[in-house]
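Structure assessment
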Amino acid sequence: MPPATQRRLPAGPGEVPADHPATPPRASFPVLRGNAGLFSPFTFGRVGGWLEPVPDHVIAVGLIVGARPVGLALGTLLPGRSQCELLSIAVAPAMRRLGLGGRLLDAWQAEASGRGATECRANYNETMPGRGALKALLARAGWTAPRASGLVVIGRVGKMVEEVSVWPGIAGRLAAPRSYAFEPLELTAADVEAVERYLSTPEAADMSGPIRQAEQLADDFSIAIRRDGRLVGWLLATETRRPLVETNTEVPAIRYLEAYLDPAYRHAGIMVGAYYHCYSRQVARLGRESVAVYYTSHDSRPRMVALTLRRFASLAERVETIFSASARLPATFRQQLAGECRAHPAHQRGAGPRGVAELEI
Ligand SMILES: CC(C)(COP(=O)(O)OP(=O)(O)OC[C@H]1O[C@@H](n2cnc3c(N)ncnc32)[C@H](O)[C@@H]1OP(=O)(O)O)[C@@H](O)C(=O)NCCC(=O)NCCS
């Protein structure tokens, strides 16, 4: 906590607490490795699990003031990629507007750059409560202005299955998928080769496929799409604890992460069939009211965005625009904060203080 002698700033409108210190406190920004669960209150539930322990593809930088964890920047850099993704950044409410978030972001970017990233990106949805602060923080750090980059569609699977099954032109194909099959994701060596081949094409540039996927896949709802037995695509899903449906956050929800189909077989309703297959399984296993969430990108799948707006939007509970901002990482970031960004044993679970302030996002 800040010393009592520090001057206090007046409280802002719901943002800056009354006991806000006027001068920036001494802070350190350790790169978190090993078990860093103490920092999990400073990120979303679904990625909080990545802190125990921190996997290789995750870049986690903590913020420590007075030996207490008070913030976290968390993101990913997949092997072989030069673009990293900032997934969350948060500072405890009492410590905001002191320049700590900006320094935390700098430290995170420095670590990402040190690991080989040359660009970073952040996505957020149009209704996220902290978007104003995030947007301003990124702008101040020289990131590009956010632009609409995609859509998130959130719907109840029961309704979607019922309505899609009677779509003209689709119903027949769903009943008889002919040479196509939607199968559990059990990959042979030939399948892995096919995945690698597809991932090396520009079409799949932003994909991770079933091999390099950072998220824990939900086996029941992640499938291989086969044509005459050959792998020609995939639909990958993960369980999510943040279904983005305000009415009931306890409702089971599956987030569809990635959908790919060999371009040669598109436009035949196969991908609609794949979603239909998984949504039907959701109805059977999790119930009609369970939620499906999926993202589609304006940049890489403009046709899918158009299809989503034309056909799925009316069935969905919510359709949200996703905004993206990005920044280039100059090589100089690599030298920055070299002294401050070191792992510290006290930041690992069990070694430090408990009772961290709850994250308000
Ligand atoms: C976003 C967040 C991390 C910023 O942390 P912070 O320590 O307050 O940021 P800083 O003090 O370094 O602010 C740097 C600049 O960002 C901008 N900024 C930060 N918060 C702002 C706000 N609420 N409104 C407007 N601008 C803001 C300002 O330009 C600020 O510079 P200034 O204070 O000199 O004007 C913090 O507000 C937070 O934890 N929010 C809740 C979590 C969240 O929503 N995270 C984003 C999604 S994961």
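Residues numbered from 1 in each chain as written. Predicted model: local features only at pLDDT ≥ 70, side-chain atom pairs only at ≥ 80, totals over all residues.

**A word on the sheet that holds strand β9 (residues 230-240)**
With respect to topology, 12 strands assemble into an open sheet ordered β1-β2-β3-β4-β5-β12-β6-β11-β10-β9-β8-β7, the strand pairing being mixed. Edge strands, defined here as strands with exactly one partner in the open sheet, are β1 (27-28) and β7 (180-184). Sheet topology places strand β6 (residues 147-156) next to strand β11 (residues 291-297); 7 bridges connect them, and they run antiparallel. Pairing of L151 across the sheet is with T296, part of β11. (Pairing = 2+ DSSP bridges. Helix = DSSP H or I, 4+ residues; strand = E, 2+ residues; numbered from the N terminus.)

**Observations regarding unusual backbone geometry**
Cis geometry is found at the peptide bond from E52 to P53, where omega equals -5 degrees. Checked against the element boundaries, P53 lands in the loop between α1 (45-48) and β2 (58-65). Although it is not a glycine, R97 adopts a positive phi angle of roughly 60 degrees. A tally of 15 C-beta atoms within 10 Å means that R97 is categorised as partly exposed. In this structure, D228 takes a positive phi of about 50 degrees despite not being glycine. You can see D228 is positioned in the loop between β8 (223-227) and β9. (Buried ≥ 20, exposed ≤ 12 C-beta atoms within 10 Å, placed from the backbone.)

**Some remarks on the site of the ligand**
As a matter of local geometry, the ligand sits amid 20 residues, with R96, G101, G102, G130 and A136 nearest to it. For the shell around the ligand, the elements supplying multiple residues, two or more each, are β4 (83-91), α2 (100-114) and α3 (131-140). Top element by residues in the shell around the ligand is α3. It accounts for 6 residues. Here the shell around the ligand is built from residues that sort into 10 nonpolar, 6 polar and 4 charged. (Near = placed C-beta within 6 Å. Nonpolar A, V, L, I, M, F, W, Y, C, P; charged D, E, K, R; others polar.)

**A look at the nonpolar core**
Judged by nonpolar contacts, the single largest core of 46 residues is most densely connected at A60, V61, L63, A73, L104 and W108. Of all elements in the fold, only β2, β3 (68-76), β4, α2, β5 (119-125) and α3 reach the threshold of two or more residues within this core. Element by element, the count of residues in this core is highest for α2, at 7 residues. Listed in part, the 43 residues of the second largest apolar core include L151, V195, F221 and Y294. (Core = buried A, V, L, I, M, F, W, Y, C linked by C-beta atoms within 7 Å.)

Any link to function would need more than the numbers given here.
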